[in-house]
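# Per-entry structural report
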Amino acid sequence: MVKYSIELKQRVIQDYLSGKGGSTYLAKLHNVGSSSQVRHWIRNYRAEGLPTAHSKVNKNYSMELKENAVQCYLTTDLTYEAVARKFEITNFTLLASWVNHFKIYGEVPISKKRGRRKKLESIASSMTQNPNDSQRIKELEQELRYAQIEVAYLKGLRRLEKNALMNKNQDSSTVSVKPSNSKKS
């Protein structure tokens, strides 16, 4: 997806307002990928005014606002764009995804967490800050060491038993054979 500068969007909208042409002409004039992109900018201009550098800020919406917006869309004849404007939702396609999620699952979606996941070391270091937690971790580590020793001991014991059984089977399978040097007459 191509990202266009705020200045370009503003120039295209100004040209549209001054009557220089329709969306197809303006798209060609300003080297914009498609006329639908220009129509989208004009639609947003009518709803929100001229685009600014702060118009594309990620917003977090409360569950209550999401539920109210979804219910408003489902219970009225308003379009996605009209409901988004009413509830000050920056992108009406976001509202459409909430409505679709609601229709499928019966509830509005929970906000997704953003950013990198914490590494295991940072989680462990945050856990050891509490003295009770660090004591419990030491106890669990000691139990783990005892369990590892026990497993190693039992594996060694099993290996010895297996070797003893193999030696016993080997001894019983070997039969002494007398060499027959005598010839039958």
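Look up: the structure comes first, before these words.
Along each chain, residues carry numbers from 1 onward, in the same order as the chain's sequence is written. pLDDT decides what is reported in this predicted model: residues at 70 or higher carry local features, side-chain atom pairs at 80 or more are listed and counted, and totals for whole chains, interfaces and linings draw on all residues regardless. Side-chain numbers come from the whole structure's heavy atoms, not from hydrogens or water.

### Quick word on unusual backbone geometry
Within the chain, Asn-31 stands out as a residue other than glycine whose phi angle is a positive 60°. Where helices and strands are cited, they refer to DSSP runs of H or I of at least four residues and of E of at least two residues respectively, numbered from the N terminus. Tracing the backbone through its elements, the reader meets Asn-31 in the loop between helix H2 (23–29) and helix H3 (35–48). With a phi close to 55°, Glu-88 is a non-glycine residue in the positive phi region.

### Points about the packing of helix H4 (residues 63–75) against helix H6 (residues 92–105)
Closest axis-to-axis distance for the H4/H6 pair is 10 Å, and the angle between their directions is 80°. Here H4 is positioned roughly perpendicular relative to H6, judged by the angle of their axes. In contact with Lys-66, Ala-69, Val-70, Gln-71, Tyr-73 and Leu-74 of H4, H6 contributes Leu-95, Trp-98, Val-99, Phe-102 and Lys-103. Lines fitted to the C-alpha atoms define the axes, with helices restricted to the stretch that makes contact. Angles between their N-to-C directions range from 0 to 180 degrees. Note on terminology: angles under 35 degrees are roughly parallel, angles over 145 are roughly antiparallel, angles of 65 to 115 are roughly perpendicular, and the others are oblique. Contacts were defined at the residue level, with two residues in contact if any of their heavy atoms lie within 4.5 Å.

### Observations regarding H4
One less than the residue count of a helix, multiplied by 1.5 Å, gives the span that helix is expected to have. With 13 residues, H4 extends 18 Å between its outermost C-alpha atoms, agreeing within 8% with the 18 Å of an ideal straight helix rising 1.5 Å per residue. Any residue under 20% of the maximum accessible area for its type is buried, any over 50% is exposed, and the rest in between are partly exposed; the area is computed with a 1.4 Å probe on protein chains only. Within the span of H4, buried status applies to Lys-66, Ala-69, Val-70, Cys-72 and Tyr-73. End-on, the buried residues of H4 take up no more than an arc of 160°, which puts them together on one face. Of the exposed residues in H4, the ones pointing more than 90 degrees away from its buried face are Glu-64 and Thr-75. Against helix H5 (80–86) and H6 lie the buried residues of H4. An arc is given here, and it is the one of the directions from the helix axis to the C-beta atoms.

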